[in-house]
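Topology and contacts: notes
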Amino acid sequence: MSAAEVTFAKIHKSFGGAVAVRELDLAIRAGEFISLLGPSGCGKTTSLRMLAGLEFPTSGTISIGGRVVNDIAPGKRDVAMVFQSYALYPHMTVGENIAYPLKKQGLARAEREAQVRRIAEMLKLEALLTRKPRQLSGGQQQRVALGRALVRSPKVFLLDEPLSNLDAKLRAHMRAELIELHRSLGRTFVYVTHDQLEAMTMSDRIAVMEGGELRQFAPPREVYDRPANLFVAGFIGTPPMNILHGNFADGRFHHPAMTIPFRPAGTPTKVALGVRPEDVLLGQGPHRAIVRVVEPTGHETIVMLDAGGSPLTARASAESGLRAGEVVPFDLRPDRLHLFDATTTLRLDAREEVTP
Ligand SMILES: Nc1ncnc2c1ncn2[C@@H]1O[C@H](COP(=O)(O)OP(=O)(O)OP(=O)(O)O)[C@@H](O)[C@H]1O
Ligand SMILES: [Mg+2]
């Protein structure tokens, strides 16, 4: 069993005049699990289809295992793709569906059956092999679609929102199964999703895309703790990071609700301060805000506030006792502040450079 590295080098894709993917550079390590994450229309599927050979780049090169594959047919790339609509053959049994790629490869019947048994065991489909797809639940159909991709033992797995048709409980279950599958197979996985929870929980690294462009490519923790720009800052995290627009002068960030000293010099005048809801500490501190909405979720309370005319969201304990209309003192965790250039939208500070 072996994995392959995957490289996108200056990949550009236009449909007619419309740019779908712009200057995409992505070096994926052999055996890595990466997610392409971003809002609808940002170019995730197009990127995956170019890797699969179902779409041709307008310019740039794609390599798999060090070999440029631009002119290599999809069937010769040693990749397997699981589509969002898993499209099983309805007239075939589960076993026949899984065996189909092997039959096309011309494998003998005994060998096919051995492979199907191996895959069925891995995906816990043994008891379902003689059923037809319509006799299966959504999650079971999903596992069959995975099995059909797995049976070929490709070097690279391409998955396009494979869990989007499942209910929340099954999705959580399948996330765990995919993590386990990746670990046991050691193959390269390229996973497309607009669900940040999926990307955060499964990936070694996340490629965050917006409008056809790559905005950050980093491990989940880094994308969360050190977003490279305002887009990533606002896209990752639920509720999203608070963004407070203000001015930087005399070594201080100035906002109607607060003045915060920062160490680094040469900061541009127009800046945006980012702070996650869990890093807004309610109840004490030098700043004041008005409580607008209190949303108890069970184990915690999401509090929406007005801080000097800017919306501010905080996570509070379930027993916060806060009420709408109340003025509440607050502080921001000084080691968890993010500073961005409001003009370029790029991150300015290493967070450890920030002083209260
Ligand atoms: N065959 C096509 N012809 C013309 N435009 C296309 C084609 N395929 C995709 N596009 C456009 O390219 C852009 C990127 O599409 P893509 O399907 O890659 O987005 P996506 O990130 O997968 O979105 P979603 O989350 O909705 O699946 C979109 O603006 C889309 O309309
Ligand atoms: Mg898509």
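Our subject in this report is the structure included herewith.

Conventions we followed
Every chain's residues receive numbers from 1 upward, in the order its sequence appears when written. Note on labels: chains are lettered from A, ligands numbered from 1, in written order. For this predicted model, a pLDDT threshold of at least 70 governs which residues receive local features, and a threshold of 80 or more governs which side-chain atom pairs are given and counted, while totals over whole chains, interfaces and linings are taken from all residues. Only hydrogens and water are removed before side-chain values are computed, so all heavy atoms of the structure are retained for them. Note on terminology: near, applied to a residue and a molecule or strand, indicates that one of the residue's heavy atoms is within 4 Å of it. By the criterion applied in these results, polar contacts are pairs of N or O atoms within 3.5 Å in which, for protein atoms, one can donate a hydrogen and the other can accept it, and in which residues neighboring in sequence qualify only through two side-chain atoms. All accessibility values rest on the Shrake-Rupley procedure with a 1.4 Å probe; residue burial counts only the protein chains present in the view. Every helix listed is a DSSP run of H or I at least four residues long, and every strand listed is a run of E at least two residues long, numbered separately from the N terminus. Each residue gets one label: Ala, Val, Leu, Ile, Met, Phe, Trp, Tyr, Cys and Pro are nonpolar, Asp, Glu, Lys and Arg are charged, and the others, such as Gly, are polar. When the centres of two rings from Phe, Tyr and Trp lie within 6.5 Å, Trp using its six-membered ring, the rings pair. Their planes under 30 degrees apart give stacked, over 60 give edge-to-face, and anything left gives tilted. Exposed residues in this analysis have more than 50% of their type's maximum accessible area, buried residues have under 20%, and partly exposed residues fall in between, with area computed by a 1.4 Å probe over protein chains only. Criterion for a charge above a ring: Lys NZ or Arg CZ within 6 Å of the ring centre, and within 35 degrees of the ring normal. Between any two strands, at least two bridges found by DSSP are needed for them to pair. Here, axes are lines fitted to C-alpha atoms. For helices the fit covers the stretch in contact, and angles between N-to-C directions go from 0 to 180 degrees. We call two residues in contact when some of their heavy atoms are within 4.5 Å. By definition here, a helix of n residues has an expected span of 1.5 Å times n minus one. Here, nonpolar core refers to any group of buried Ala, Val, Leu, Ile, Met, Phe, Trp, Tyr and Cys residues whose side-chain atoms link them within 4.5 Å.

Here we take up the site of ligand 1. Taken together, the residues surrounding ligand 1 are Phe15, Ala20, Pro39, Ser40, Gly41, Cys42, Gly43, Lys44, Thr45, Thr46 and Glu161. Take Gly41: an N or O atom from its main chain is 2.7 Å from an oxygen atom of ligand 1. Between ligand 1 and Thr46, the relevant distance is 2.6 Å, taken from an oxygen atom to a side-chain nitrogen or oxygen of the residue. Coverage of ligand 1 by the protein amounts to 56% of the 640 Å² it exposes when considered alone. Tallying contributions element by element places helix α1 (residues 44-52) first for the shell around ligand 1, with three residues. Of the residues assigned to the shell around ligand 1, the class counts are four nonpolar, five polar and two charged.

Scanning the entire structure with this criterion turns up five aromatic pairs. For the pair Phe231 and Phe235, a centre-to-centre distance of 5.4 Å together with 15° between the ring planes defines the contact as stacked. Note that Phe231 and Phe235 are positioned in helix α8 (residues 230-235) at a spacing of four residues, about one turn of the helix. The burial state of Phe231 is the same as that of Phe235; both residues are buried. Here the aromatic cluster, defined as three or more aromatic residues joined through ring pairs, consists of Phe33, Phe157, Phe189 and Tyr191. Positioned over the ring face of Tyr224 is Arg276, at 3.8 Å from the centre of the ring.

Our next topic: the sheet that holds strand β10 (residues 213-218). The mixed open sheet is built from six strands, whose spatial order is β6-β7-β8-β3-β9-β10. Of all strands in the sheet, those with a lone pairing partner are β6 (79-82) and β10, marking the two edges. For this sheet, the mean inter-axis angle between neighbouring strands, taken without regard to orientation, is 15°. Judged from the four bridges that link them, β6 and strand β7 (residues 156-160) form a sheet pairing that is parallel. When the sheet's bridge partners are listed, Val79 is paired in β7 with Val156. Relative to the sheet, helix α5 (residues 168-185) contacts β3 (33-37), β7 and β8 (188-193), its axis offset from that of β8 by approximately 160°.

Moving on: helix α4 (residues 138-150). Taking 1.5 Å per residue, 13 residues should reach 18 Å; α4 reaches 18 Å between its end C-alpha atoms and fits that length. Counting buried positions over the 13 residues of α4 gives 11, a clear majority of the element. Burial in α4 covers these residues: Gly139, Gln141, Gln142, Arg143, Val144, Ala145, Leu146, Gly147, Arg148, Ala149 and Leu150.

Next up on the list: the pairing of strand β16 (residues 300-307). By the criterion of burial, β16 is predominantly enclosed, with six of the eight residues buried. Judged from the six bridges that link them, strand β15 (residues 280-296) and β16 form a sheet pairing that is antiparallel. When the bridges of β16 are listed, Glu295 appears paired with Ile302. In the sheet, β16 pairs with strand β17 (residues 310-317) via eight bridges, with the strands oriented antiparallel. If you follow Ala307 over to β17, its bridge partner there is Ser310. Connecting the antiparallel pair β16 and β17 is a turn made up of two residues, with Gly308 showing a positive phi of about 55°.

Let's shift gears to α5. Helix length check: α5, at 18 residues, gives a terminal C-alpha distance of 25 Å against a target of 26 Å (1.5 Å per residue), a fit within 8%. Among the residues of α5, those classed as buried are Met174, Arg175, Glu177, Leu178, Leu181, His182 and Leu185. Its buried side turned inward, α5 meets β3, α3 (109-122), α4, β7, β8 and α6 (196-202). For α5, the capping residue at the N-terminal end is Asp167, with a side-chain oxygen 3.1 Å from the backbone nitrogen of Lys169.

If you look at the biggest cluster of nonpolar residues, it comprises 32 residues, and the most contacted ones within it are Ile98, Phe157, Leu159 and Leu178. When residues of this core are traced back to their parent elements, those giving at least two are β6, α2 (94-104), α3, α4, β7, α5 and β8. Take this core: its biggest share by element is five residues, from α4. When residues no more than four places from it in sequence are discounted, the contact partners of Leu178 are Leu146, Leu159, Leu163, Tyr191 and Met202. Counting 27 residues, the second-largest nonpolar core is a separate cluster that includes Val21, Leu51, Ile62 and Leu158.

An order of β2-β1-β4-β5 is seen for the four strands of this open sheet, with the pairing classed as antiparallel. Strands with a single pairing partner mark the edges of an open sheet, and in this sheet they are β2 (18-28) and β5 (67-68). Here seven bridges tie strand β1 (residues 6-15) to β2, and the two strands are oriented antiparallel to one another. Considered in β2, the bridge of Lys13 is made with Val21. Packed onto the sheet, α1 meets β1, β2 and β4 (59-64) and runs at close to 115° relative to β1.

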